[in-house]
Structures are given as structure tokens and as C-alpha cells.
Amino acid sequence: MINKPSSDASFPPKGKRNVVFMVSDGMGPASLHLTRSYRQHVDGLPWGNTLTLDKNLIGTSRTRSTSSLVTDSAAGATAFSCGLKSYNGAISVLPDGSPCGTVLEAAKLAGYMTGLVVTTRITDATPACFSAHVNLRSEEDRIAEQQLGDYPLGQMVDLMLGGGRCHFLANTTEGSCRADSRDLIREAKRKGFKYVNDRASFDKLNKGKGVKLPLLGLFAPTDIPYEIDRLDKEYPSLDEMAEVALTTLEAATRDSEQGFFLMVEGSRIDHAGHGNDPAAQVHEVLAYDKTFARVLKWVEEHDAVLVSTSDHETGGLAMARQLHETYPEYLWYPQVLGNASHSSEYLAAKYRDFKGSGTNEDQFLRTTLLKEGFGVVDISDDEIEKLKAHKDSADWVFADIISRRAQIGWSTHGHSGVDVNIYGSKGTERLRGNHENTDVGEFLADYLELDLGAVTKKLKEKGVGKTDAAREKYEWMGKPLDQLMEERKAAGKGNHDHFHVDEIDCYHGEYKH
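Residues numbered from 1 in each chain as written. Predicted model: local features only at pLDDT ≥ 70, side-chain atom pairs only at ≥ 80, totals over all residues. Heavy atoms only, no water.

(A) Region of the structure containing the overall build of the protein chain. A count of helical and extended segments in the protein chain gives 18 helices and 12 strands. Whereas a compact globule of 513 residues would reach a radius of gyration of roughly 24 Å, the protein chain reaches 23 Å, a difference of no more than 12%. Within the span of the protein chain, comprising 513 residues, buried residues form 56% of the whole. Restricting the contact set of the protein chain to residue pairs at least 6 apart, pairs at least 24 apart contribute 73%. Here the protein chain displays about 21900 Å² of accessible surface, and carbon together with sulfur accounts for 48% of that area. Placing the 60 positive and 76 negative side-chain charges of the protein chain at their respective mean positions leaves the two points 4 Å apart. (Helix = DSSP H or I, 4+ residues; strand = E, 2+ residues; numbered from the N terminus. Rg over C-alpha atoms; globule rule 2.2 N^0.38 Å. Buried < 20%, exposed > 50% of the residue type's maximum accessible area, 1.4 Å probe, protein only. Contact = heavy atoms within 4.5 Å. Areas by Shrake-Rupley, 256 points an atom, 1.4 Å probe, with all protein chains shown as cover. Lys, Arg positive; Asp, Glu negative; His and termini not counted. Charge placed at Lys NZ, Arg CZ, Asp CG, Glu CD.)

And the structure:
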């Protein structure tokens, strides 16, 4: 629980209020050192010149879920959206199988306007947890349906900007990844959504001036490219999308007694961590810091607060790496990252598309990809052979090549359990110090004086509660958890024999070498 002062007449403030909640998915404390030092190096700045985030650090968050000391994004975002802990994979669903009302839903029902801005799929775990309820995060088709209002509460989100178009297209349409023939784009338009899907239509939004809600913007089939790879002429940036959201929501609430709730996520910081790609990560964090600065300026000029935190850390990033048995030097090399012009994901995709072999293949790797894409000119024959041996999955090989030269370490391609930072504007003093991640969700609800319990009750009254002994399936939430787990197991997506929703698993003596 938040350590609340015994008497604080100024909280929550009176009158009109707005909340912008920013999520730096997968960004741990080491990511800040990485990005800060990189920026100082490439821009020739003194060491006292820090990020905007650095200047607004107020606390830290503990991130465990009910099922593991290492959370995933779904359980992490459920803590933010519902103010409650749940199991890894849960999208605003509790361990007993019941839905929990979210801050966004409560805000909308209280008269606030609402928005989601992301750089991954709009159906991905973090945005989903504010706008949908399913038993496992992989149910993205059902998440998309709920985000457009196909669930008991109806349409709760007024503005959505990001990627993930494939989950909204009928499976009879090119570019679809849906399992059925529902055309959610058509459904959205029928419900009054203005739909934009490319750079040209985004630019016509005129930075949010004169835009009518509801608004749906899906600018990529899946995720928007990494910032290091993104072309301005093809995709909007996180900062640009946040600008449109702020301007649009401010105008939409100008004559209202209530303001808005907006969630903005720097989604692909996490992906760079999963890929162990430091070059991609610094550009993602810089893009997030730029967006944070824009939002902070807006908040300081309005009746609003800004809270920013991460759901977890990804990659086990360490700003040092011992490459040999001899005692290591105390250093790492930011200039190596400065030489890179693309991500490992981008280079790996180019390599998969390459049809040549032999000398032509070696030359393509050494010159076109490694020299021109990464700035690496000292590639070894062994590294070339390793790339060739993993042509269909070379992302991590490319990432390791640049990480080793920069002497940056990683402990995992997954998440880690470290505490993450909390940043905030004036008015977020209650989040100073070390907190459970659920305290962040409680703060958001308390600031807007929202009753999440009433929303949960409304959802349950619509026919959803704990699954009973007859194993009744509650259709609007999609498939039950046990069925989803069996499907994943059958598809070879992991052995879930030891999965628990409400307790941490123990060591089973299954050490994997």
C-alpha cells in the first residue's frame, strides 16, 4: 500500500484533472546509464548533462507477480491498470479467473476521455491490460474485439494509436493474422471511428488539431519498426503520436468538467532487451525520453500529472562484460553503438532475404550488413561462420557481435526481477521511495477518485466470475486458462506442468545445461 500522509488536504486536487501514465516497457536502471552515456559520447556532452528522465526520478517499483518473482508484461500491466497482482500472462484477470476493473474503464465510466499510444501492437500486453480482459495475453484477436467495445462495458477507449493492424483485418484479407473472418476495421468505422493506417493519413490529422473522436490509428501490420530503423516518411514516432493524442484529448475535454486518462508506452525498449541489442535499445530509450519531455511540458502547463515507470527489466543488462578469463578492464565502449545505423532485427531480416552463397554471401555479410549496418570492420571468420549457421535466426548473433565489441553484458533473453525506476511530475509525491507496482495503479485511481471495485462488480454482474466446478466457459472473455495452456503445450510452446497462478514455483531439480 502507498504510505499516505495522515492528512493531505491537497490530494487529490479539486477540479478538472488529467493523467498521463507512461510505461517504458523493459527499461531497467542500467538502460538509463547505457543511454545517458551513449548520448553524452555521440553529442559531445559533459557528464553532468543528463536525460529528462534523470531529472524527474522519484522512486522505484518492485515488480513480482503472483506466479513468479520475474513478472511478464501482462501481470506487470495488470498491477498498473487494476492496482492488483496477478499471474504472468493475465490480461486484467485475477488468479481466481475473474476480471478486475481498470483505471481506463473507471475513468471512461466517470466521464473522462481515454487513450492508448504504443509502438508495438495495440493488442499487446500493456495496452490490452487497460482495455480488455482475457485469460492469456496471446488472445490478441479477442483483445482487439474488446478494445472496440465488444464486451460488457461497451466502447471504453476513445483514441488508439500504434501497430497491430493484422489483428483487425479479416483472415480473407492480405496482411491479416486473425483466425476468423471478422473485419474489425469495418466494424470500427461503423461505430464512428476515424481510421488512419499510414504516414499520409497520420499527417492529415494535423498534429491532432480538429480531430474528432473516436480515433483508431494502426500504422504497421504488427510492431512499428525500432527507432533506429524507422523511416519518418513511412511511420510516425512515439513522440508524434503522443502529440496528436494530447492535442486531440485536450480539445475533446475542453468543455467538460472531467479531463482524460492517457497511457503512452515506449513498447520496443523491451524488444531490444529481448534481442540483447544495445544499439536498438539506446535509440528506443532516447525516443522515450523525448516523448517524456513533451508530455512533461504539457502536464506542467495544465491541471495534470505524469507518472512514468517500467513493468519490468528485460535482458539482465550489465554495463560491463568480461570477454576472457584474464581480469577484466573497467570499461565499456559507447562509440561502438554510435557506429551502428540499424538494429540486429533489421540486419537479420536482410540476411534472410539474401539469396546468394559462397563468396557473395561472405561479402554481403562483411560489407553490406556488418560494415555499413553496424560499423563493424573487424569481424572474424568464426563470427561469419556462426552467422551462416544461423541464417534463419541470426538476430541474436548480430546482437552479440555488437555487444561484445561494446563490452556490454546480458544475462538473459527474457526478463529479470530487478526493481525499476518511477518518474513523476509535480503532484506525484506519494510515489516517492520504494513501492509495489500495485501502488502505481492505486495512485492513478486515487488521483482521479475512481472506484475500480465498482467497475469490477459491473463486469462480474455481466456473467463473469470464478470458473465453477462445471467448468462453465464465459464466452466474452474468450478461452479459459486451462484450455489455452493445453493448446500452448500441444503447439510446443513450453511445458506448463508447473505453472501456478497464485504461488511461486519451486526448483524441481531440472537443471538445464
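(B) Fine view of the packing of aromatic side chains. Per the counting criterion, the structure on display carries 13 aromatic pairs. Relative to Phe80, the ring of Phe21 lies with its centre 5.2 Å away and its plane at 75°, an arrangement referred to as edge-to-face. One end of the pair, Phe21, is in strand 1 (residues 18-23); the other, Phe80, is in helix 2 (residues 73-82), with 59 residues separating them in the sequence. One exposure class covers both Phe21 and Phe80, and it is buried. Each ring, one from Phe354 and one from Phe364, has its centre 4.2 Å from the other, and the planes form 10°; the classification is stacked. Linking Phe354 in the loop between helix 12 (344-353) and helix 13 (358-374) with Phe364 in helix 13, this pair joins segments that are 10 residues apart in sequence. A single burial state applies to Phe354 and to Phe364, both of which are buried. (Phe/Tyr/Trp six-rings, centres within 6.5 Å; stacked < 30°, edge-to-face > 60°.)

(C) Highlighting the side chain of His167. Here His167 lies in the loop between strand 4 (159-163) and helix 6 (184-190). For His167, a relative accessible area of 11% corresponds to the buried category. Here His167 is in contact with Arg121, Thr123, Glu140, Asp141, Ala144, Cys177, Arg178 and Leu184, once residues within four sequence places are set aside.

(D) Quick look at the state of the cysteines. All chains considered together, the criterion is met by two disulfides. What pairs with Cys82 in a disulfide is Cys100, and their sulfur atoms sit 2.2 Å apart. As the torsion about the S-S bond is roughly 80°, the Cys82-Cys100 disulfide counts as right-handed. Here Cys82 is found in helix 2, whereas its partner Cys100 is found in the loop between helix 2 and helix 3 (103-109), with 18 residues between them in sequence. We note that Cys82, like Cys100, is buried. With its sulfur 2.0 Å from that of its partner, Cys166 forms a disulfide with Cys177. Around the S-S axis, the bridge from Cys166 to Cys177 shows a dihedral of about 70° and counts as right-handed. (Disulfide = S-S within 2.5 Å.)

(E) Quick look at a negative patch on the surface. On the surface, a cluster of negative charge is contributed by Asp502, Glu503, Asp505 and Glu510. With respect to the helices and strands, the residue Glu510 is situated in the segment after helix 18 (481-490). (Patch = residues over 30% accessible without salt bridge, like charges linked within 9 Å, V, L, I, M, F, W, Y side chains within 5 Å. Salt bridge = Lys/Arg side-chain N within 4 Å of Asp/Glu carboxyl O.)

(F) The arrangement of the packing of helix 12 against helix 13 in detail. Viewed as axis vectors pointing N to C, helix 12 and helix 13 meet at an angle of 155°, and their least axial separation amounts to 11 Å. Put simply, helix 12 runs roughly antiparallel to helix 13. For the pair helix 12 and helix 13, the crossing hand works out as right-handed. Touching Ser344, Leu347, Lys350 and Tyr351 of helix 12 are Glu361, Phe364, Leu365, Leu369, Gly373 and Phe374, all from helix 13. Of the residues contributing to the contact of helix 12 with helix 13, the split by class is six nonpolar, two polar and two charged. (Axes fitted to C-alpha atoms, helices over the stretch in contact; angles between N-to-C directions. Parallel < 35°, antiparallel > 145°, perpendicular 65-115°, else oblique. Left-handed = near helix turned anticlockwise from the far one by under 90°. Nonpolar A, V, L, I, M, F, W, Y, C, P; charged D, E, K, R; others polar.)

(G) Focus on helix 16 (residues 437-447). Of all the 11 residues making up helix 16, 10 are buried; the element is thus mostly covered by neighbouring parts of the structure. Residues Asn437, Thr438, Asp439, Val440, Gly441, Glu442, Phe443, Leu444, Ala445 and Tyr447 constitute the buried set of helix 16. Phi turns positive, to about 55°, at Glu449, one or two residues after helix 16.

(H) Representation of the sheet that holds strand 6 (residues 215-218). Taken in spatial order, the 10 strands line up as 5-6-4-3-7-1-8-11-2-12 in an open sheet, and their pairing is mixed. With one partner strand each, in any of the chains shown, strand 5 (194-196) and strand 12 (433-436) form the two edges of the open sheet. Across this sheet, the average inter-strand angle for adjacent strands is 15°, counted without regard to direction. Direction of pairing for strand 2 (residues 57-62) relative to strand 11 (residues 420-424): antiparallel, over a ladder of four bridges. By the bridge assignment, Leu57 is partnered in strand 11 with Tyr423. (Pairing = 2+ DSSP bridges.)

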